[in-house]
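Notes for the structure review
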Amino acid sequence: MAKVALNFEDGVTRFIETTGYETIAEAAYRLGVNIPLDCADGACGTCKCLSKSGSFDPGDYIDEALSEEEAENGYGLACQMRPKSDMIVDIFASAAACKVELRTYETEITGLTFLSSEIVRLKAKITDGSTITFLPGQYANILVPGSTETRSYSFSCLSDTNEMEFIIRLIPNAGLMSNYLRQAKIGEALSITGPVGSFYSRDVKRETLFFAGGTGIAPFIAMLEKLNKEGNPQLIKLFYGATTVENIIDLDRIKMFTNLNVAVYPCVSSENCDAYPSGYVTQWVNKEELKEEIYDIYICGPNAMVDAVKSSLAAHQINFENFYTEKFVPTGMLTV
């Protein structure tokens, strides 16, 4: 049995499980997920998809349906692909077109921990006893109580849980969710919809760079939790910038990931202190610090930070195989 995450073009993710010798398409249709499909014989190419993680038996197909070059680059035909491991697969259609709807979970608040004057850790438990599955790095939409507005926050916990966790920045003297969380109480109800997003950790096969700005640390906490659980041996360098000392959070938590090879580089941009270097994460983007020939890179933070890191990587000719970004925008939503 293998778990397969189907990622749709509109950012929705649906998890399915294959049994025995089922193809991805067979498992999807058994569970009511109508991914693109026509001949089901490997002849038309309608169900062409892209494997982002995991391994599979490609099955039988004709060259007109899938070229040799496409196969070498990870593409396959869902009607022929039989997973050999858990997989992440991009489906070239929207979730709506495939009759997939995001699930909304009714929860109650179980934790409100103010990590600084500007940051709160929110925990919310699903009330019907079910669990949520997501890819580390993805986010959920939380309905602001008393309104019709939602705000999006990255998970900062392991998947397959009945208690979700988020790290949230409180906007000073403003913000619907910020104002709510300042007075929220344990036991209050929250409606949370997800998972969503194409920013998530892939297989870590080489030295990897994480760049986090502010509460952009949240998805990396989820990624590190998973990698620590798996005991991944690859070195990960986490460059973590915040405006003030109090907003550097969860370093003790990261230090507890003893089954993981991670080096953390924190810095503070808006005040001088003895604890951390002053400045921005770009101070480490140079050939003296980054000596490998090639990296995989993940960036999550404010727009200005993401753009600055991109420019520094180019200026210092830091080479990468894979590059993934998620930016903050004013409403709290995340975009790739």
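What comes next concerns the included structure. (Residues numbered from 1 in each chain as written. Predicted model: local features only at pLDDT ≥ 70, side-chain atom pairs only at ≥ 80, totals over all residues. Heavy atoms only, no water.)

1. With respect to the side chain of Arg202
This is how the line gets drawn: Per the convention used, a helix needs a DSSP run of H or I reaching at least four residues, while a strand needs a run of E reaching at least two, with both numbered from the N terminus. Buried, partly exposed and exposed residues are distinguished by accessible area as a fraction of the type maximum, computed with a 1.4 Å probe on protein chains only: under 20%, between the cut-offs, and over 50%, respectively. Lys and Arg are tallied as positive, Asp and Glu as negative. Neither His nor the chain termini are counted. Any Lys or Arg side-chain nitrogen found within 4 Å of a carboxyl oxygen on Asp or Glu counts as a salt bridge. By the criterion applied in these results, polar contacts are pairs of N or O atoms within 3.5 Å in which, for protein atoms, one can donate a hydrogen and the other can accept it, and in which residues neighboring in sequence qualify only through two side-chain atoms. Contacts were defined at the residue level, with two residues in contact if any of their heavy atoms lie within 4.5 Å.
Positionally, Arg202 belongs in the loop between β13 (189–196) and β14 (208–213). Of the side chains with opposite charge, Asp90 lies nearest to the buried Arg202, which makes no salt bridge, at 5.7 Å. At a separation of 2.7 Å, a polar atom in the side chain of Arg202 contacts the main-chain carbonyl oxygen of Tyr200. Among residues more than four places away in sequence, those in contact with Arg202 are Lys52, Tyr298 and Tyr324.

2. Details of helix α4 (residues 217–230)
We apply this condition: Here the expected length of a helix is defined as 1.5 Å per residue gap, with one fewer gap than residues.
An ideal rise of 1.5 Å per residue puts 20 Å on 14 residues; α4 measures up with 20 Å between its terminal C-alpha atoms. When you tally the buried positions in α4, you get eleven out of 14 residues, the bulk of the element. Looking only at α4, the buried set comprises Ile217, Ala218, Pro219, Phe220, Ile221, Ala222, Met223, Leu224, Glu225, Leu227 and Asn228. Positive backbone phi, at 70°, marks Gly231, one or two positions downstream of α4.

3. Describing the sheet that holds strand β1 (residues 2–7)
Rules: In short, DSSP must find at least two bridges between two strands for them to pair. For helices, the fitted axis covers only the stretch in contact; all axes are lines through C-alpha atoms, and the angles between them, taken along N-to-C directions, range from 0 to 180 degrees.
With mixed pairing, five strands are arranged side by side in an open sheet as β2-β1-β7-β3-β5. With partners counted over all chains shown, the strands left at the sheet margins are β2 (13–18) and β5 (75–77), one partner each. On average, each strand axis in the sheet is tilted by 35° relative to the strand beside it, whichever way the strands run. Relative to strand β7 (residues 87–91), strand β3 (residues 48–53) is paired through four bridges, and the arrangement is antiparallel. Counted as the bridge partner of Ser51 is Val89 from β7.

4. Some details on helix α3 (residues 176–183)
Inclusion rule: The arc under discussion is defined with respect to the helix axis, by the directions toward the C-beta atoms.
For α3, the full list of buried residues reads Met177, Ser178, Tyr180 and Leu181. Seen along its axis, α3 keeps its buried residues to an arc of 165°; they face one direction.

5. Structural notes on the sheet that holds strand β8 (residues 103–114)
Hydrogen bonds along the backbone pair up the strands of a sheet, which may run parallel or antiparallel. Within the open sheet, the six strands sit side by side as β11-β10-β13-β8-β9-β12. Their pairing is antiparallel. The open sheet terminates on both sides in strands that have one partner only, identified here as β11 (150–154) and β12 (163–169). Each neighbouring strand pair of the sheet contributes to a mean axis angle of 40°, computed without reference to strand direction. Strands in contact with α3 are β8, β9 (119–126), β10 (139–143), β11, β12 and β13; relative to β8, the strand with the most contacts, it is inclined by about 60°.

6. A look at the side chain of Arg253
Along the chain, the position of Arg253 falls in helix α5 (residues 251–255). Other than its neighbours up to four places away in sequence, Arg253 contacts Arg121, Ser156, Cys157, Glu165, Ile221 and Glu225.

7. Points about the pattern of salt bridges
Side-chain pairing between opposite charges can occur once the charged atoms of the two side chains come close. In this structure the tally under the stated criterion is 14 salt bridges. Shared partners join several salt bridges into a network, and the residues in it are Arg121, Glu165, Glu225, Asp250 and Arg253.

8. Focus: the nonpolar core
Here is the rule: Only buried residues count toward a nonpolar core. Its members are Ala, Val, Leu, Ile, Met, Phe, Trp, Tyr and Cys residues joined through side-chain atoms within 4.5 Å.
In this structure, Phe210, Ile217, Phe220, Leu224, Leu238 and Tyr240 are the most contacted members of the largest nonpolar core, which totals 28 residues. When residues of this core are traced back to their parent elements, those giving at least two are β14, α4, β15 (236–242), α5 and β17 (295–302). Looking at which element gives the most residues to this core, the answer is α4, with seven residues. One finds Ile24, Cys47, Cys79 and Val89 within the second-largest nonpolar core, a separate group that totals 27 residues.

9. Here we look at unusual backbone geometry
For the bond running from Gly194 to Pro195, omega is 0°, close enough to zero to count as cis. Tracing the sequence through the fold places Pro195 in strand β13. In this model, Gln317 sits at a positive phi of 55°, which is unusual for a non-glycine residue. On the secondary structure map, Gln317 appears in the loop between α6 (303–315) and β18 (320–328). Note on Gln317: relative accessible area 57%, which makes it exposed.

10. As for the environment of Gln138
Along the chain, Gln138 turns up in the loop between β9 and β10. For Gln138, a relative accessible area of 0% gives the class buried. Each C-alpha atom of the pair Gln138 and Ser67 lies 32 Å from the other, and the pair is 71 residues apart in sequence. The contact partners of Gln138, leaving out residues within four places of it in the chain, are Asn7, Gly11, Thr13, Ser154, Phe155, Pro195, Val196, Gly197, Phe199 and Tyr200. There is a polar contact of 2.6 Å between the side chain of Gln138 and the side chain of Thr13. One polar contact links the side chain of Gln138 to the main-chain carbonyl oxygen of Gly197, over a distance of 2.8 Å.

11. Points about a negative patch on the surface
The line we're drawing: Put simply, a patch holds well-exposed residues, over 30% relative accessible area, that have no salt bridge, with like charges counted together within 9 Å and Val, Leu, Ile, Met, Phe, Trp or Tyr side chains within 5 Å. Per-residue accessibility takes into account occlusion by the displayed protein chains alone, with areas from the Shrake-Rupley method and a 1.4 Å probe. For this purpose, a charge sits on NZ of Lys, CZ of Arg, CG of Asp or CD of Glu.
Among the surface-exposed residues, Asp63, Glu64, Glu68, Glu69 and Glu72 lie close enough to one another that they form a single negatively charged patch. Within the fold, Glu72 resides in helix α2 (residues 68–72). The class of Glu72 is exposed, set by a relative accessible area of 61%.

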